[in-house]
Every structure is written in structure tokens, then in C-alpha cells.
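Analysis of the macromolecular model
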Amino acid sequence: MPEQNSPLDLAEGDPFGPHNLPYGVFSTHDHPEDRRVGVRIGGHVLDAGAAAHTLGSPYAQLLAQPDLTALLSAGRTAWRDVRRALTAWVTVPAHRPDIEPLLHPVESVTLHMPYAVADYVDFYASENHATNVGKIFRPDGAALTPNWKHLPIGYHGRSGTVVVSGTDVVRPSGQRKAPSDAAPVFGPSVKLDIEAEVGFVVGVPSEQGRPVPLGRFRDHVFGLSLLNDWSARDLQAWEYVPLGPFLGKSFATSVSPWVTPLEALEAARIAPPARDFPLLPYLDDTGEEEPGGLDLRIAVAINGQVVAEPPFATMYWTAAQMLAHMTVNGASLRTGDLYGSGTVSGAEPGQRGSLLELTWNGSEPLELPEGKRTFLEDGDTVTMTAWAPGPDGTRVGLGEVTGRIVPTP
Ligand code: CA
């Protein structure tokens, strides 16, 4: 009798091989209300709680949950041990009879927001992006503000409107006022944009009044997702002086459904770009044991056409520096905190992570098969994907974050 193919027999180079094992939350069509922790392996999702239960694992309590909160808050030792157990479950042949019935084809399940977002913060850590934005909005001044190379600039966003990939995005309305307009007008945004970012997910909380130093980053941050910080440039331009982004950003932020643990990204760790100025001690990472940068290769597509390939390796500020800065005043962390890197833009025109930069504020439209684009039109679908170098020449797939623009009601 010919042997049946197992879903665990993956093609060589599968970006969701046992070296990856990202976490998410899924439900099946038969039980849409029953949310479960899933781990992606190849083209399937493993029901992790059921696997832990079947195999008599001590981690059943952490995994038989409706979301990732228990796992996120369990801490680094538990994260490592659970990952070790999962690796064995999907690679040791003796486990196959128990594991195979618990695998669901990824296209057959619904993926949900994998954790409740506590606080949401967004940074501005790409020098190329900040420089481009400075040139567009302040053509007569210095591209970078005087503080930019001394601290990672950020703002507090709206956690309640962070949505999982696949959620439609309603075109926001608001006030806008072009310099030539006598008075502001109200209506649907005419400059709806994207920002290709990476979002870092905090697992272990910290105590209010106690900063989290650079060296404790891995004790608190569990992993990362892709993030699209939808931005209404016309609303933003009129409202942001002097307190920063508000309604131009808070209507929606999309994240990919898979949270890739930092442990899967060891081979992607690289040194960040050289810093031009000495940093204050709490941000100075020159003495840190592990390099703080990450080599993540992002691709941005509009209606299936790739328009940019932003390299995360070029980010000036690291995720550890962002965390250290965010807490240096004593602000505490909570399980489920999410912080975005800011738009990832490389030095080349084809590496820019926003339409603002790709079209130079609408003055240089993109040529797409369906026509010219300056900013997003109703019906456009934006999809960001990414991968990172994995062990032994493999790739670690980070999945995708996608969203479609629907008209203002
Ligand atoms: Ca942003």
C-alpha cells in the first residue's frame, strides 16, 4: 500500500517549517465561537491546546486558551520550554498519530486577533522615512528634527482599533485644509495611505516606576507581527500641530494574524546602522551582547502588484531601544502592549513603505495595471508580506497583513 502523505512532510525550504512555529488564534467553520491557540506548521494550523492535552503536556494550561494572553504573560523560560515541546510534537515521528488529527488546513480556518491589545504605541524609527517626510512637509527646514538622533520619537495610539489582517478598512472622514483653502472642510479622506511597519508584542508586564533597561528586552517582548498603520494624510496634516497624530491614524491599524516568537529570529539578528551621535547611557547599546537589529525583508503590494520592498535592517533605532525609551520615565508595561516600529523605508525609491513617499505626496503617481495611483482608492487591497533569514539558509515566513478599503458609509 502506498504511504499516505503527511501534512508534516513539508517541502524543503517551507518558510513555516519547524524552525518558525508562529502562534495565532483560530476557529473552525464547524465551531466558529470556539477560539483556540494555533501554531502554524507548513500549510496547516496545529490545535496547540488539544495537542498538549493529548500528549499529557504540562503546558496544556497555557495553550488550551481562547487567546495568547496566558502564554504571553508566562515569561521567557516558559516561552522556550513550550517552543521546545512544540518542535518535538511536529518533528518526532512517534507523535504523528496523535498530532496529525489536530492539524487544520490554514485556508479552512478563521484567524482572529490573537491577543487583546493593551496599550498601543507607534514609533518613527526609520531615518530614511523621517528624512523623506521632513523633505516633503518642511522643504525649507532641516529634514530631521533636532531630537531625532537622540531618542526614538513615538506617540500613543488607539489600541481599540487594532484589527487582524483581512478586516475591511472604512475610509475615514475628518477635517482637512489645504494651504490654499480659506477654511477647513469636512469629508472622506482624499489622501488615504499605508505605513509598512513591524509591531512588537509585549508579554511580561513591568512595574510602574521601574524602567526596563536595554538588556531586559528579551524578558518582556515575546515576538512580532507585521503592521499596517493606515494613515489619512490630509487629516493628519491639518490636525497634528502641535500634539501629533490623532484622528488621521486612530481609525484602524491592521496586524498579521501570526506572532513570530523572537526565538525564531536568532539568525536574523544583525547590528543596527552606525549611529552618528553618542547616545545617552539608557539608549547606548554598544556594549550589549546581542545585536539589536533585525534583518526582515518586507514586500508591499497593492491589488497584487508589489510596489515596495522595505528593508527592516536599515532601521536606526532597535526594538530594545524603543522599549527602553518607552519605559525610561517609569511608565509600566502590560501583557498585550503593542508597539510599532514606524514606517520602514530603505534608501532606494523602491524601498519606501508609504505612498506619501512612493508618490512624493501625490506628485509622482505609481503606474499600476488598473491605472495611476497617488493615494488609495475605494476597493484597493493592500497586502504586506515578509520573511527573515532562518537557520541553515532557511527562511522564516512572517505571513501577511492585508486589508481592503471600503467607501465611507
Ligand atoms: Ca506609523
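Just so you know, these numbers come straight off a predicted model, no measurement behind them.

Calculation notes
- Residues numbered from 1 in each chain as written.
- Predicted model: local features only at pLDDT ≥ 70, side-chain atom pairs only at ≥ 80, totals over all residues.
- Heavy atoms only, no water.
- Helix = DSSP H or I, 4+ residues; strand = E, 2+ residues; numbered from the N terminus.
- Contact = heavy atoms within 4.5 Å.
- Pairing = 2+ DSSP bridges.
- Axes fitted to C-alpha atoms, helices over the stretch in contact; angles between N-to-C directions.
- Expected span 1.5 Å × (residues − 1).
- Buried < 20%, exposed > 50% of the residue type's maximum accessible area, 1.4 Å probe, protein only.
- Arc of directions from axis to C-beta.
- Polar contact = N/O pair within 3.5 Å; in protein donor to acceptor, adjacent residues only side chain to side chain.
- Patch = residues over 30% accessible without salt bridge, like charges linked within 9 Å, V, L, I, M, F, W, Y side chains within 5 Å.
- Areas by Shrake-Rupley, 256 points an atom, 1.4 Å probe, with all protein chains shown as cover.
- Salt bridge = Lys/Arg side-chain N within 4 Å of Asp/Glu carboxyl O.
- Donors = N, O, S within 2.8 Å, 3.2 Å for Na, K, Ca; no water.
- 1 Å grid on protein atoms, 1.4 Å probe; cavity = no way out; pocket = protein on both sides within 12 Å on 5 of 7 lines; lining within 4 Å.
- Points joined across faces, edges and corners; volume = space filled by probe spheres on them.
- Nonpolar A, V, L, I, M, F, W, Y, C, P; charged D, E, K, R; others polar.
- Phe/Tyr/Trp six-rings, centres within 6.5 Å; stacked < 30°, edge-to-face > 60°.
- Domains from an automatic or database assignment.
- Buried area = accessible area lost by both parts, 1.4 Å probe.

**What about the environment of L355?**
Tracing the backbone shows L355 in helix 10 (residues 355-358). On a C-alpha basis, the gap between L355 and K191 in space is 9.2 Å, while along the polypeptide they are 164 residues apart. In this structure, L355 is in contact with L192, D193, I194, I302, W360, L366, T374, F375 and L376, ignoring residues within four places of it in sequence.

**Quick look at the sheet that holds strand 4 (residues 103-105)**
If you trace the 5 strands from one edge of the open sheet to the other, you get 4-3-2-1-5, paired in antiparallel fashion. This sheet does not close on itself; its edge strands, each paired only once, are strand 4 and strand 5 (109-112). Strand-to-strand twist across the sheet, computed as the mean angle between neighbouring axes with direction ignored, equals 45 degrees. Pairing geometry for strand 1 (residues 23-28) and strand 5, over 4 bridges, is antiparallel. Each residue of the ladder has a partner; that of S27, found in strand 5, is T110.

**A word on helix 4 (residues 76-91)**
Because each turn of an α-helix spans 3.6 residues, side chains separated by three or four positions end up pointing in the same direction. The end-to-end C-alpha separation of helix 4 is 22 Å, in line with the 22 Å expected for 16 residues at 1.5 Å each. Those residues of helix 4 lying buried are A78, W79, V82, R83, A85, L86, W89 and V90. When helix 4 is viewed along its axis, its buried side chains cluster within an angular range of 165 degrees and face the same direction.

**Focus: the side chain of K249**
Examined against the element boundaries, K249 turns out to sit in the loop between helix 8 (233-239) and strand 16 (253-255). A distance of 2.9 Å separates a polar atom in the side chain of K249 from a polar atom in the side chain of E195. Among the polar contacts made by the side chain of K249, one reaches the side chain of S231 at a distance of 2.8 Å. When neighbours within four sequence positions are excluded, K249 is seen to be in contact with Y155, E195, D229, W230, S231, R233 and Q236.

**A few points about a nonpolar patch on the surface**
On the surface, F137, Y240 and V241 cluster together to form a nonpolar patch covering roughly 270 Å² of accessible area. Along the chain, the position of F137 falls in helix 6 (residues 127-137). Take F137: its relative accessible area is 34%, and that puts it in the partly exposed class.

**Quick notes on the coordination of the calcium ion**
Coordination of the calcium ion by the protein comes from D122 (OD), E195 (OE), E197 (OE) and D229 (OD), over a distance range of 2.2 to 2.3 Å. The sequence motif formed by the donor residues of the calcium ion is D-x72-E-x1-E-x31-D. Residue E197 is found in strand 13 (residues 196-202), and its partner D229 is found in the loop between strand 14 (221-228) and strand 15 (231-232); the two are separated by 32 residues along the sequence. Both residues of the pair, E197 and D229, belong to the buried class.

**Regarding the sheet that holds strand 21 (residues 305-308)**
Spatially, the 5 strands line up as an open sheet ordered 9-26-25-20-21, and their pairing is mixed. Every interior strand has two partners, whereas the edge strands, strand 9 (169-170) and strand 21, have only one.

**A look at empty space enclosed by the protein**
Under the defined criterion, the tally for this structure stands at 1 cavity of 30 Å³ or more. In this model, the largest cavity occupies a volume close to 70 Å³. Lining the largest cavity, in full, are F200, P272, G292, G293, L294, F312, A313, M315, W317, T318 and A319. Of the residues assigned to the lining of the largest cavity, the class counts are 8 nonpolar, 3 polar and no charged.

**Some words on the packing of aromatic side chains**
On inspection of all chains with the given rule, the structure shows 7 aromatic pairs. Centroid distance W148 to Y316: 5.3 Å. Interplanar angle 55 degrees. Geometry classified as tilted. Within this pair, whereas W148 is found in the loop between helix 6 and strand 7 (154-156), its partner Y316 is found in the loop between strand 21 and helix 9 (319-327), the two being separated by 168 residues in sequence. This pair shows no difference in class: W148 is buried, exactly as Y316 is. Within the aromatic cluster, the residues linked to one another by ring pairs are F123, F200, F312 and Y339.

**Things to note about the domain arrangement of the protein**
Domain parsing of the protein yields domain 1 (23-112) and domain 2 (120-406). Centre-to-centre separation of domain 1 and domain 2, based on C-alpha positions: 29 Å. The interface is formed by 19 residues belonging to domain 1 together with 17 residues belonging to domain 2. Counting each side, the surface lost to burial between domain 1 and domain 2 is near 1600 Å², with a carbon and sulfur contribution of 69%. It is Y23, L72 and W79 in domain 1 that bury the most area against domain 2; as a group they hold 39% of the surface buried on that side. Ionic pairing is found between R76 and D219, a salt bridge with its closest N-O pair at 3.5 Å. Counting across the interface, domain 1 meets domain 2 through 2 residue pairs in polar contact (both at pLDDT 80 or more). Contributions of two or more residues to the side of domain 1 that touches domain 2 are made by strand 1, strand 2 (36-41), helix 3 (69-74), helix 4 and strand 5. A class-by-class count of the residues in the side of domain 1 that touches domain 2 yields 9 nonpolar, 6 polar and 4 charged.

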